[in-house]
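# Results of the structural survey
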Amino acid sequence: MLNTCMPHYTLYKLQERLVKKNTEKTTTILIVDDDLDTLTVTGRSLEHAGFKVHAFADPLKALHHVQNGCKYCQVLVSDVRMPALTGFQLVRKVKDLRPEMKVIMMTMFEVNKPEFEAVFPSTPIDGVIRKPFTTSQLAEKIRGFLSTMTQETMRRRDIHGRS
């Protein structure tokens, strides 16, 4: 059963464990959500689905993580509304550092990617998922991005004559 009132040191330990756990897994997902229940359940579920997860409740700490490493993070899954730094601000800053990173925005509102892009044209995203969602829905989106990324890499290798 999840504890909804985690002390800060417990949250830190959870984040530390999620960052360090499962280093043998190759696909790394960066999850950012100030809601601890969503963060914990999503992080653990994605780990169970075979992903390596870096999870942060504080978007500033997540940004710092990207600035100081996280070179293996392939997908950012971020909430829209968070204190200190909104999901939009986080995405823009992460994309400045890592333009190749795929982005999924989580929101409580019913919105699709074209609608999102029309309202927030300066926030480059690859997908939107509406809360509540199932882990399989999120994992399917992530695997779709990874498949596309793999195909693009293979195409570039073919164009440049590399094997």
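Now for a description of the structure that goes with this document. If you're wondering where the values come from, they're calculated on a predicted model, not measured in any experiment.

### Remarks on the state of the cysteines
- Evaluation of the coordinates by the stated rule reveals one disulfide.
- The side chain of Cys70 participates in a disulfide bridge whose partner is Cys73; the two sulfur atoms lie 1.9 Å from each other. Torsion about the S-S bond of the Cys70 and Cys73 cystine: about -95°, corresponding to left-handed handedness. Summarising the burial analysis for this pair, Cys70 and Cys73 share the class buried.

### Description of the sheet that holds strand E2 (residues 52-56)
- The sheet built from five strands is open, its strands ordered E2-E1-E3-E4-E5 with parallel pairing. Strands at the two margins of the open sheet, each flanked by one partner only, are E2 and strand E5 (127-130). The sheet shows a mean angle of 20° between the axes of neighbouring strands, direction not considered.
- Summarising the sheet, strand E1 (residues 28-32) and strand E3 (residues 73-79) pair through five bridges and their orientation is parallel. Paired with Ile29 across the strands is Val75, a residue of E3.
- Across the face of the sheet, helix H4 (residues 87-97) comes into contact with E1, E3 and strand E4 (102-107) while running at roughly 165° to E3.

Cut-off values and rules
- Residues numbered from 1 in each chain as written.
- Predicted model: local features only at pLDDT ≥ 70, side-chain atom pairs only at ≥ 80, totals over all residues.
- Heavy atoms only, no water.
- Disulfide = S-S within 2.5 Å.
- Buried < 20%, exposed > 50% of the residue type's maximum accessible area, 1.4 Å probe, protein only.
- Pairing = 2+ DSSP bridges.
- Helix = DSSP H or I, 4+ residues; strand = E, 2+ residues; numbered from the N terminus.
- Axes fitted to C-alpha atoms, helices over the stretch in contact; angles between N-to-C directions.
- Contact = heavy atoms within 4.5 Å.

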